[in-house]
Every structure is written in C-alpha cells, then in structure tokens.
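Structural overview for review
One-letter residues, chain by chain:
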Amino acid sequence: MLANQWPSTPVAATTAAQAMPRIMQLHPSEIVAVQPQRIEDLVKVTGTIHPAREAAIAAQVDGLAETVAVRPGDHVEAGQLLVEVGTTDLRLQLEQQRSAIRSSRVQLRAAETTLKRTTLLFDKGRAAQATLDSAQAEVDQLAAEIATGQSQVALAEANLQRARVTAPFSGIISTRSIEPGQIVSPGTTMLSIVDLSTVRVEVLVPLRDSARIRAGQSVRLTVQGAPTEEFTGKVDRVNPVAEAGTRSIKVYLTLDNADGLLRGGMFVTGNIVVRQDEDVIAVPAAAVQTREDTSYVLAVVDGQVQERPIKIGNEWPATMLVEARAGLADGDVIVGAKLSGLSDGAAVTIAGN
C-alpha cells in the first residue's frame, strides 16, 4: 500500500504548482500614483544679459574738460553732473553776441528816426524816392541783424548749457574715456552709462518652437555662477526673422534686477513657459498602450493588474506626459512603463510592501 503511494506524490506536487498563479514583483519606480498636478510646456533657452538701457555720452562743444565728476562703477541719478567743459570762451562768445545786439538796437532806433523824418519830407515833396528807399533799407537791414544776433545768442546759451554734461537717466557709469584737463570736441565719447534696474536677455530659440512663443509669457532663468538662484521674467518681443545661417529665432526677455545681482554679459540658461495647465490627470507616455483604436493603461488594484481604457488629451513632449481626460481618478495606481509579460489579470506585488 505504501509502495503504491510513492509514484503519486510528484504528480500531486506538480499539479499544485501549476494551479498556483505566478506573481510578478514590481519595483516602486515602475508604478505611478495618479494625482492632479500642474504641467508646464517649456522651451529651453540660453543667452546673455544686457542692460535695459545704455548710452555713450559724447561731448557737444569744444573745450577743456575741467571737471570729470564720476568713475566707472559709480551710481548716478538722472540730471546729475558728470562732466563740465570749460565755459570761458563760450561765455565770451555769448557776451559778444549780446553786445552786438545792443549796438544794433541803438542803430535801429536811429535808423527808424531817420526813416520817419525822411517819410515826412517825402510826403511834402522835399525828399527823393531813393532817399526814402535807402532809409527803409537801413531799418530792414538792422532788424535782420538783430534777428540773426538773437539766434546766435540762443545758440551760445545752448552751448553754455551743453558744456555741463548730466546723466540722461539713473544708472551706473560703465566706462570713462577722458580725464580732467583733456581737450574734447563735439562727438568725443567721454562716458558710458548703463541702467541695470531692469535687464534684457537675448536668447536663441529653435525655429520649430518659435510659433509657441508669445510676448508676456513667463520665463525662469538661472545665471552662470549662481546656479541655485532662480530669476523670473517675461518675454518682451520675438524677432520675426530667423538669424542668418541658422534655424533659430532671437527672442528678447526682460528681468527685474532691483537688487542689482545681474550684470551685463552674464550667461543664463532656463525655460520659457509656453503653456501651463492646472489640476491635470496625467500619466507617463510610456504607460499608455493601444489596441486598435483604444488607449489604455494597466492599473494595479488589490494585487492584480487591470486594463483601464482612457481618453487621451493634451501631450507634453518635454515632460513625456499625456493627459488622461477620462478613465482615471485621483489615487489610482498604474504601471508606469511597458513591461513584458504583464497583462490584464496578472497578479503582482510591489517590492518593499
């Protein structure tokens, strides 16, 4: 009896093993807990910082630079004196013009008196027409000289004002090209001033992404040398024409720099946020499978895999996510990748649980 039972033992064990379901173990990195989230569509950019405003300040009059009141790095306010050119010659010219006008006015009054007397004599027939015309011409000539002199006085006064060079806007002196005692002439660049309270960043964007970029979109940038600090800004404008010899469009960004941390010439990297969606149910693109015209994911429910049909919405290639507009809810757990041998109804366990 006992001998007859030995052959049946291996057969019973094999049958029991075949009856037990095969359980696949999933690593925690292979599953995703679905929850609403903010998703951003980003365009990566790199570029260089430039001052929002900058100006090269040139001399407008000839003369000796008597005062150069600032140095590179100095902060100046709008209207502050920067350079003063010697005004002795300009003041002499102005006084000469004013004296010439005073003299011409004295002569004009005398000429007008002569004209009146000549007119009376002409009316009585005691003066010739030529004499009257000559008196009138003298008055007209002196009046013209006075008008010309007044223009020259105005020019001399303007040159006197131009000799005092002031800051056109508040900013920082970036270069200084002259020293006190140096002779300057109109057009000589003396100083450069930059305004860094706001900076602009010129970045190149691939032509394929340019259609998604609009003025006003937000920007997040990091600066070389300060990788842990993030700066936010806006898209200011987009060049309508690609750069010569490239497949890239230049985009201009603006960043607030009230604390003065950013400097002209700094290299930046970051992203333009071309689209932002809130409370989106999204899943990894690798989790979505298709059969005929149906898209589905594999949900994990009570230790078993279940096919869950979903309706695909927006896609975000940069983050490799797709929107599940229907079929999933907050808290669902799905398999986040395509795994061979895993199908509907398979038993699974999660490592570490």
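Keep in mind that what you see is a predicted model, and the values were worked out from it rather than measured.

1. Topic: the pattern of salt bridges
- The final tally for this structure, using the stated rule, is 18 salt bridges.
- For glutamate 278, the salt bridge goes to arginine 38, with nearest N and O atoms at 2.9 Å. One end of the pair, glutamate 278, is in strand E14 (residues 267-284); the other, arginine 38, is in strand E3 (residues 36-58), with 240 residues separating them in the sequence.
- Judged by its relative accessible area of 44%, glutamate 278 falls in the partly exposed class.
- In this structure arginine 38 comes out as exposed when scored by relative accessible area, which is 51%.

2. A short note on helix H3 (residues 88-123)
- The end-to-end C-alpha distance of H3 is 52 Å, a good match for the 52 Å that 36 residues give at a rise of 1.5 Å each.
- Considered for burial, the residues of H3 that qualify are Leu90, Leu94, Ile101, Ser104, Leu108, Ala111, Leu115 and Thr118.
- Buried residues belonging to H3 abut helix H4 (129-162).

3. Quick word on the sheet that holds strand E7 (residues 164-166)
- Across the sheet, which stays open at both edges, the four strands sit in the order E7-E6-E4-E9 with antiparallel pairing between neighbours. The sheet is open, and its two edges are formed by E7 and strand E9 (183-184), each paired on a single side.
- Relative to strand E6 (residues 81-85), strand E4 (residues 63-68) runs antiparallel, the two being bridged by three bridges. In the sheet register, valine 68 faces E6, and the bridge partner there is valine 83.

4. Topic: the confidence of the model for the protein
- On average, residues of the protein carry a pLDDT of 86, and 94% of them reach 70 or more.
- Overall, residues 1-9 carries pLDDT values under 50, and its contacts beyond four positions in sequence, including any with other chains, amount to zero contacts.

5. A look at the environment of methionine 24
- Tracing the backbone shows methionine 24 in strand E1 (residues 23-26).
- In this structure, the C-alpha to C-alpha distance between methionine 24 and alanine 351, residues 327 residues apart in sequence, is 9.8 Å.
- The residues contacting methionine 24, other than those within four sequence positions of it, are Ser340, Gly341, Leu342, Ala347, Val348 and Thr349.

Reading the values: the criteria
- Residues numbered from 1 in each chain as written.
- Predicted model: local features only at pLDDT ≥ 70, side-chain atom pairs only at ≥ 80, totals over all residues.
- Heavy atoms only, no water.
- Salt bridge = Lys/Arg side-chain N within 4 Å of Asp/Glu carboxyl O.
- Helix = DSSP H or I, 4+ residues; strand = E, 2+ residues; numbered from the N terminus.
- Buried < 20%, exposed > 50% of the residue type's maximum accessible area, 1.4 Å probe, protein only.
- Expected span 1.5 Å × (residues − 1).
- Contact = heavy atoms within 4.5 Å.
- Pairing = 2+ DSSP bridges.
- pLDDT = per-residue confidence, 0-100.

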